[in-house]
Amino acid sequence: MRLVGWAMPTLPMVSLLYLPNVAEEIMTDSIAKTYPDLLLRLLPADADVIVEIGCGNGMMGEQYKRINPKCLYCGIETDRDRASVASMRLDAVVDAIADLPIAPGEVNCFVYGDILRCALDLETTLRQYNHWLKEDGQVVAYMPNPQYWLRIARFLQGNWGSEPEFITAPNQIYFASIDNIKQIFAVANLNLYEIQTDCPQLSPQQAEQLEKFQTLIAPLVEYLGLQTANFHKIIRAHAFVARATKTPIASRLLVQTFIAAAAGCARIRVYEPSSFLSTIPGTRTFNIQRDRPIDLNLAMPDEEKVFIWQRALLLYPQDMQRQKTLMQRGFLIVAEHDDDPYFWPENADNKFLLFISSHCIQTSTEPLAQHLKQFNPNVKAFANQLAYLPPRREHTNPDNVTLFFGALNRQNDWQPLLPALNRVLNKYDRVAVKVIHDREFFEAISTERKQFQPFCPYEEYQVILHTCDIGILPLADTQFNRMKSDLKFLEHAGHGVAALASPVVYADTIRDGETGLIYRDPDDFADKLEELIRSASLRQELADRAYKWVAENRLMSQHYHTRREWYLEMRSQLPRLNAELRDRCPEMFVV
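The structure displayed is predicted, hence computed values, not measured ones.

### Focus: helix α10 (residues 266–277)
Phase 1: Under the 1.5 Å per step criterion, the end-to-end length of α10 is 15 Å for twelve residues, consistent within 8% with the ideal 16 Å.
Phase 2: Burial analysis of α10 places ten of its twelve residues in the buried class, the great majority of the element.
Phase 3: Listed as buried for α10 are Ala 266, Arg 267, Ile 268, Arg 269, Val 270, Glu 272, Pro 273, Ser 274, Phe 276 and Leu 277.

### Focus: the confidence of the model for the protein chain
Phase 1: Scored by pLDDT, the protein chain comes out at a mean of 89, with 90% of its residues at no less than 70.
Phase 2: Overall, residues 167–173 carries pLDDT values under 50, and its contacts beyond four positions in sequence, including any with other chains, amount to eight contacts.

### A word on the packing of aromatic side chains
How two aromatic rings sit relative to each other is set out by the distance from centre to centre and by the angle between their planes.
Phase 1: Throughout the structure, instances matching the rule amount to 25 aromatic pairs.
Phase 2: On the basis of an interplanar angle of 25° and a centroid distance of 5.5 Å, the ring pair of Phe 355 and Phe 375 is categorised as stacked. A residue pair is termed long-range when its members are at least 10 positions apart, and Phe 355 in helix α13 (residues 353–356) and Phe 375 in the loop between α14 (366–372) and β15 (379–381) qualify at 20 residues. Of the two residues examined, Phe 355 and Phe 375, each falls in the buried class.
Phase 3: Site record: aromatic cluster; members linked through ring pairs are Phe 258, Phe 307, Trp 309 and Phe 331.
Phase 4: Directly above the aromatic system of Phe 331 lies the positively charged group of Lys 305, at a separation of 4.7 Å from the ring centroid.
Phase 5: Across from the ring centre of Phe 452, 4.0 Å away, lies the NZ or CZ of Arg 439, which sits over that ring.

### Details of the sheet that holds strand β16 (residues 401–406)
Phase 1: Across the sheet, six strands lie side by side as β18-β17-β16-β19-β20-β21; this open sheet has parallel pairing. Edge positions in the sheet fall to β18 (450–453) and β21 (517–518), since each has one partner strand and no second.
Phase 2: As judged from the two bridges shared by strand β20 (residues 498–501) and β21, these two strands associate in the parallel manner. Residue Ala 501 lies in a different strand from β21, and its bridge partner there is Ile 518.

### Here's the deal with the nonpolar core
Phase 1: By size, the foremost hydrophobic cluster in this structure holds 42 residues, and its most contacted members are Leu 43, Ile 50, Tyr 64, Tyr 73, Val 306, Leu 332 and Tyr 567.
Phase 2: When near neighbours in sequence (up to four residues on either side) are disregarded, Leu 43 contacts Ile 50, Tyr 64, Tyr 73, Cys 109, Val 111, Val 140 and Thr 279.
Phase 3: Judged by nonpolar contacts, the second largest core, of 36 residues, contains Ile 102, Ala 141, Leu 190 and Ala 237.

### With respect to the side chain of Ser 502
Phase 1: Its place among the elements puts Ser 502 in the loop between β20 and β21.
Phase 2: At a separation of 3.1 Å, a polar atom in the side chain of Ser 502 contacts the main-chain amide nitrogen of Leu 475.
Phase 3: Among residues more than four places away in sequence, those in contact with Ser 502 are Leu 473, Pro 474, Leu 475, Ala 507, Ile 518 and Tyr 519.

### Digging into the pattern of salt bridges
Phase 1: According to the stated counting rule, one finds 31 salt bridges in the structure shown.
Phase 2: For the salt bridge of Arg 269 with Glu 336, the shortest nitrogen-to-oxygen distance reads 2.8 Å. Highlighted residues: Arg 269 in helix α10 and Glu 336 in strand β13 (residues 332–336), separated in sequence by 67 residues. Across this residue pair, the class does not change: Arg 269 and Glu 336 are buried.
Phase 3: Taken together, the shared-partner salt bridges connect Arg 267, Glu 272, Lys 488 and Glu 491 into one network.

### Here's the deal with the pairing of strand β17 (residues 431–436)
On a regular strand, each side chain points to the face opposite its neighbour's, so the side chains alternate between the two faces of the sheet.
Phase 1: Of all six residues in β17, six are buried; the element is thus mostly enclosed.
Phase 2: In β17, alternate side chains face the same way, and those of Val 431, Val 433 and Val 435 on one face and Ala 432, Lys 434 and Ile 436 on the other are all buried.
Phase 3: Taken together, the six bridges between β16 and β17 define a ladder with parallel strand orientation. Bridging across to β17, Val 401 finds its partner in Val 431.

Parameters and conventions
Here the residue index of a chain counts from 1 through its sequence in written order. This being a predicted model, a pLDDT of at least 70 is required before a residue's local features are given, and a value of 80 or more before pairs of side-chain atoms are given or counted; all residues contribute to the totals for chains, interfaces and linings. Side-chain numbers come from the whole structure's heavy atoms, not from hydrogens or water. Strands are runs of DSSP state E lasting at least two residues, helices are runs of H or I lasting at least four, and both sets are numbered from the N terminus onward. Given the number of residues in a helix, its expected span is that number minus one, multiplied by 1.5 Å. A 1.4 Å probe rolled over the protein chains alone gives each residue an accessible area, and that area as a share of the maximum for its type sets the label: buried under 20%, exposed over 50%, partly exposed in between. Confidence scores labelled pLDDT are given residue by residue by the predictor and lie between 0 and 100. Residue contacts are defined here by distance: any two heavy atoms, one from each residue, within 4.5 Å place the two residues in contact. Between 30 and 60 degrees the pair is tilted, below 30 it is stacked and above 60 it is edge-to-face, where a pair is any two Phe, Tyr or Trp rings, Trp via its six-membered ring, whose centres lie within 6.5 Å. Lysine NZ or arginine CZ positioned within 6 Å of the ring centre and within 35 degrees of the ring normal marks a charge as sitting over the ring. Note: two strands are recorded as paired if DSSP finds a minimum of 2 bridges between them. For this analysis, a nonpolar core means a set of buried residues of the types Ala, Val, Leu, Ile, Met, Phe, Trp, Tyr and Cys, connected via side-chain atoms within 4.5 Å. Pairing of N or O atoms within 3.5 Å defines a polar contact, subject to two protein rules: one partner must be a possible hydrogen donor and the other a possible acceptor, and residues neighboring in sequence count only if both atoms are side-chain atoms. Each reported salt bridge corresponds to a side-chain nitrogen of Lys or Arg within 4 Å of a carboxyl oxygen of Asp or Glu.

Written as structure tokens, this is what we have:
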């Protein structure tokens, strides 16, 4: 089984040409996969209407609908066979925009993917479709690069157009250079603000060939007066991805995040929110691994700057200078922390420097936000969300039941339930158990029908969870647990697993008896577990309602704009925040 997510690992290289005023260009590094994956991660995640020109068989739209199920995703496709397949995946597929169930001014985004195959006049099409865009609408277009090194080589060999994806079009402008792209969008009255370069990963043999090609062509580059470094970047690009808006971007934001704790929480707290923020025109995000240098010179002159410390331990007093430098460079300094800081004595040993020397704090729950206000009054809770909705679960064998347990550091939470759990397992020989990470729990449960998986990548965790029927979510009533998030329930709901959960944390989210079951003590746990084992219909009803609730309330596409709005709001209050910072941490202002 392959579950497709928002971010995919081990992807080819993409560069970014950021165009603050179209005349200025800089390059940085980013990542993508094939061109549909690259386009997918750039589409506005909260769009009401998206129209894909040349939607093919509808695969990209189908993936997008898992990110944003509420979107009306339409395709324009003239190939009847492709359109027939796409119509089963998208909301509407037609061969002319006038046939779509939308009116002018209703489209959030036009997507131009396989424009060579469509053989359309992009410049004319952009102009004609402009009035269909909302005022804040945007365009994303994938455009093959005529200066790609292999295309140059094939042209010189007389093999122009020999690539499998190439279909000769009447107007070859669609093999567009950077200057062509600027001209096309300017004529269409669209505000081009960014161009990404799709650079495929090269095999060792191809890398060697490219190096030789660059050496051989160097005299010509010099003769033509081209900038060597820029030319080498351009010829690596198989294609460009242009992003434009109908109206100029009102504000620009740069968010840099230092990731101190990558395992466990960085995906949900950093990587996925960063990906979603990057879909907002004028918003750039950079994630910094803890073993990499921090570059504070990435911002353009018109960008508002935010620097986030994710779960960092700042040492007192030596790391005061780091915060002082960020403040002097004009950054809004944000501490990202999603657990009780008292759980780690090192925080107290260093006078909770991270929290008192930052302008503000972002966290994952309201109880934790209130707790953190003892260090800093400017705290915002961004609840954890699912980045995409997994495929709806099909329960095909109601007679066999599989329990799931997968969590870190939960020994004190499950031990009081163990006798009750084992009593139930001993009564039902058709119940299997799948356990991830917790070897002690695995050894303690009294059944031979059990499987153990050590700590594993998130994708593998999801595949295992997707095969289970009942999930056990225990949290004992402790200060540390009361500040945990409900993420485990969201994951269970997304994968069609009926949740049996503690009242701690989960009673605030689960509607008991509707979207899951809440147990109050070990005996109640045993009774409700038996009820779930005996009743396939109860399991499915709970799982279906929970799946629907998550789809309607807890997808990141429904919430990510609030982060950007808060960052900009805090930026606008920097004078006040700096005054408070002087009171909390006067050492930062010592000259």
